[in-house]
Amino acid sequence: MRRTLTRLLLSCSLFVGFSTPLAAQAFPDLIKALGIRELARDYLRPGADAIGYSINSGLYHSARIDSGLQLWVGLRGVWSYAPESDRTFVAKLPSSLTSLGYPSSIETATLFGGRGAGLQSAQTDPNGQPYPAIPLPDGIGISGTFLLIPHATIGSIAGTELMVRGLPPVTYDPAIGKISFFGIGLRHSPTSYIRLPIDIAFMAAAQEFSIGEIIHATAWNVNAHASIPLAILEAY
């Protein structure tokens, strides 16, 4: 279980610049068999939260939208910090394990944490042998994530541009499933046709990131923003 859980999270980290070996057993099948879906989700949650925050960032760097046909294609880099509170969590174990003498809860590492806890049973099996120790997965020991997000904008029509970002569904490891990310949004700037001392724009966007059947992060963003050029810089 420890190796499969850890490899799942390392596969998640492919999206943020890490590498991973193959897992021997399909992770969704394993957690269904053991009844540890909630434990797996809590272990992964800080990573999903960081990705959700990251994909909702870097949507724009200026409120200005130039008139005429404009096309921009490139990468947006986003750094997300993981606070100390995201390094551990209290794992609630299912009845399939507590009925064998394992504890009902234990503090252990999340994806961003250090060494995972070890589960010890207080009972023996029908043959009088102790049930095996179960090591929970280690974290990967990082304080944050850095994402490079493929991003494109096209416009403008009546001060409005279309944003598209993401990656096509890809299977890095058949044991984990497809990793996919997609986002789309519209941005409109009334100052493209109304003269004001600053640029103003309004935006609405929706984005979704998923890893197999385990992580599904959806981010919605509706905002208003303003910017003003300052020599070679732009404040927004």
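Preceding block: the structure.
Could you give an account of the pattern of salt bridges, naming the residues involved and the relevant values?
Evaluation of the coordinates by the stated rule reveals 4 salt bridges. Between Arg-87 and Glu-84 there is a salt bridge; the shortest N-O distance is 3.6 Å. Its relative accessible area of 57% is what places Glu-84 among the exposed residues. In this structure, Arg-187 and Glu-161 form a salt bridge, with 2.9 Å as the shortest nitrogen-oxygen distance.

I'd like a description of the layout of surface pockets, backed by residues and values.
Considered as a void within the structure, the largest pocket measures approximately 410 Å³ in volume. Along the walls of the largest pocket sit 19 residues, with His-61, Arg-64, Thr-153, Glu-161 and Arg-187 positioned nearest its centre. When residues of the lining of the largest pocket are traced back to their parent elements, those giving at least two are strand 1 (70-81), strand 6 (144-157) and strand 7 (160-173). At 4 residues, the largest contribution of residues to the lining of the largest pocket is made by strand 1. By residue class, the composition of the lining of the largest pocket is 8 nonpolar, 5 polar and 6 charged.

Before we move on, could you go through the environment of Ser-104 and cite the residues and values that matter?
Position of Ser-104 relative to the elements: it lies in the loop between helix 4 (95-98) and strand 3 (105-109). Ser-104 sits 12 residues away from Lys-92 along the chain, and the two C-alpha atoms are 6.0 Å apart. If sequence neighbours within four positions are ignored, Ser-104 has contacts with Ala-91, Lys-92, Leu-93 and Thr-98.

Which residues make up unusual backbone geometry, and what are the values?
A cis amide bond links Gly-155 with the next residue in sequence, Ser-156, at an omega value of -5°. Locating Ser-156 in the fold gives a position in strand 6. Phi is positive for Ala-158, close to 50°, though the residue is something other than glycine. Among the structural elements, Ala-158 can be located in the loop between strand 6 and strand 7.

Cut-offs applied
Residues numbered from 1 in each chain as written. Predicted model: local features only at pLDDT ≥ 70, side-chain atom pairs only at ≥ 80, totals over all residues. Heavy atoms only, no water. Salt bridge = Lys/Arg side-chain N within 4 Å of Asp/Glu carboxyl O. Buried < 20%, exposed > 50% of the residue type's maximum accessible area, 1.4 Å probe, protein only. 1 Å grid on protein atoms, 1.4 Å probe; cavity = no way out; pocket = protein on both sides within 12 Å on 5 of 7 lines; lining within 4 Å. Points joined across faces, edges and corners; volume = space filled by probe spheres on them. Helix = DSSP H or I, 4+ residues; strand = E, 2+ residues; numbered from the N terminus. Nonpolar A, V, L, I, M, F, W, Y, C, P; charged D, E, K, R; others polar. Contact = heavy atoms within 4.5 Å.

Shape is all these values report; function is a separate question.
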